[in-house]
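Chain and residue survey
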Amino acid sequence: MLKSKLLKPTILSLSFLSVLSGAAISPALGKIQQAFPNADPLLIQMTLTLTPLFIIPFSLLSGRISLKFRKRHILFVGLTIYFLAGVGGGLMNNMTTLLVTRALLGVGTGLVSALSLSLIADFYQGEERSSTMGLSSAFATLGGIILTLASGWLALLSWRYAFAAYGVSFFILIMVYFFLPEPPKSEEGSNKKPGKLPLSVYGMGLLTVLLMIVFYLIPTRIAIFIQDTGIGDAGQSGVGIATMNTAGFLVGLAFGKIRSRLKSFTTLIAMLCLGSGLTALNFVQTFPAVLIALFFAGMGIGALMPTIFLVTSNMVPNKLNGPALSIVNSSLYLGQFASPLVISFLGSLLGLQHIRDDFFIGGILTLLAAVLFVLWMFIRKSKNSTNENS
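Residues numbered from 1 in each chain as written. Predicted model: local features only at pLDDT ≥ 70, side-chain atom pairs only at ≥ 80, totals over all residues. Heavy atoms only, no water.

Some thoughts on the packing of helix α3 (residues 41–65) against helix α14 (residues 321–350)
Each pair of packed helices can be summarised by the angle the axes make with each other and by the distance between the axes. In contact at an axis separation of 8 Å, α3 and α14 are set at 160° when each is read in the N-to-C sense. Taken together, α3 and α14 sit at an angle that is classed as roughly antiparallel. Of the two possible hands of crossing, α3 and α14 adopt the one that is left-handed. Across the interface between the two elements, Leu42, Gln45, Thr49, Leu50, Pro52, Leu53, Ile55, Ile56, Ser59 and Leu60 from α3 touch Ser326, Ile327, Asn329, Ser330, Tyr333, Leu334, Gln336, Phe337, Pro340 and Leu341 from α14. The residue inventory of the contact of α3 with α14, partitioned by class, reads 13 nonpolar, seven polar and no charged. (Axes fitted to C-alpha atoms, helices over the stretch in contact; angles between N-to-C directions. Helix = DSSP H or I, 4+ residues; strand = E, 2+ residues; numbered from the N terminus. Parallel < 35°, antiparallel > 145°, perpendicular 65-115°, else oblique. Left-handed = near helix turned anticlockwise from the far one by under 90°. Contact = heavy atoms within 4.5 Å. Nonpolar A, V, L, I, M, F, W, Y, C, P; charged D, E, K, R; others polar.)

Here's the deal with the side chain of Ser62
Tracing the backbone shows Ser62 in helix α3. On the basis of relative accessibility, which here comes to 0%, the residue Ser62 falls in the buried class. Ignoring sequence-local partners within four residues, the contact set of Ser62 consists of Ile74, Gly110, Leu111, Ala114 and Leu115. (Buried < 20%, exposed > 50% of the residue type's maximum accessible area, 1.4 Å probe, protein only.)

A few points about the nonpolar core
In this structure, Ile222, Phe225 and Val290 are the most contacted members of the largest nonpolar core, which totals 108 residues. The greatest single-element share of this core, amounting to 13 residues, is contributed by helix α13 (residues 287–315). When residues no more than four places from it in sequence are discounted, the contact partners of Phe225 are Ile231, Leu281, Val284, Val290, Ile355, Arg356 and Phe359. (Core = buried A, V, L, I, M, F, W, Y, C linked by side-chain atoms within 4.5 Å.)

The analysis is restricted to geometry; functional conclusions fall outside its scope.
Below, the structure is given as structure tokens:
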């Protein structure tokens, strides 16, 4: 079929909305805390983490219902919910209704995020699929740059205005309507039941959970950290998160070349960047130092995201790409939701209660994830060698 010149930008625009949808208002977190001074601090953090909790089941659900309904129709519903719930958060007057809109934002994002990856597999093959997967990660990071910058500066006027950043989803809805055709359905083996997913896919899901637990420290903590330590304000919090996302965006654009040269070492070096950035935040005293630490963390996550999706898709036959990627995609959001709970628990367990200590814990967990990855690669290579010799 003939592809519109705007097909790829339209597919990539969906990635623009998906990964950091909940974290987009993170620069306004300090202002929201001031607006609701009697609210439990955990509830304030849940304005970010409740969204990924609802993304998880609806991300899995979208893969199943796409077998019965047109993907375009699912995207229309998801984007409409995303727009109304995202912008509507700024109209709420209490924490209960605010959290309801954040949950609905998760519903909309869940319907959109899994399909954004599925569409890449539907329309592209081979090297073009790999490069588009890298671009998808870059566009997701670009969304974080623009949305967090916009919400950070808007938060200087009012915390309510920060939610207007979600209005960009309306323009993406228009792009989907005009430029995204319904993807072709494969007839090959349509009557056959798909096989089971290998255990390695679930291993990638576990790795993704661990990585997002430590990475999501930054969106949930950095605004409060910068303001509580006197390093900066809400606007500078937005600049800090945008700096991290800029690093991730640049790495995503060059991901194909980086992966071809470093191969498996890409993951280890990325974990080292993320871990060093988190650890550095435990010691920084100035805003420029914060930016440097966030830039390193951004490089790490910018390489890890496309690597995880690419490695997962290569583990399974084409028929199982959807289920495999949906598990990893859901694991990503599960890690986001679990992040403040796990870090708070570990902080209490270890007697580390200062906000700086959270980043130190995150650095240790990153090293743990690196060790698990090395062990997993060793086991996988050993199994492959055994199979070849048998």
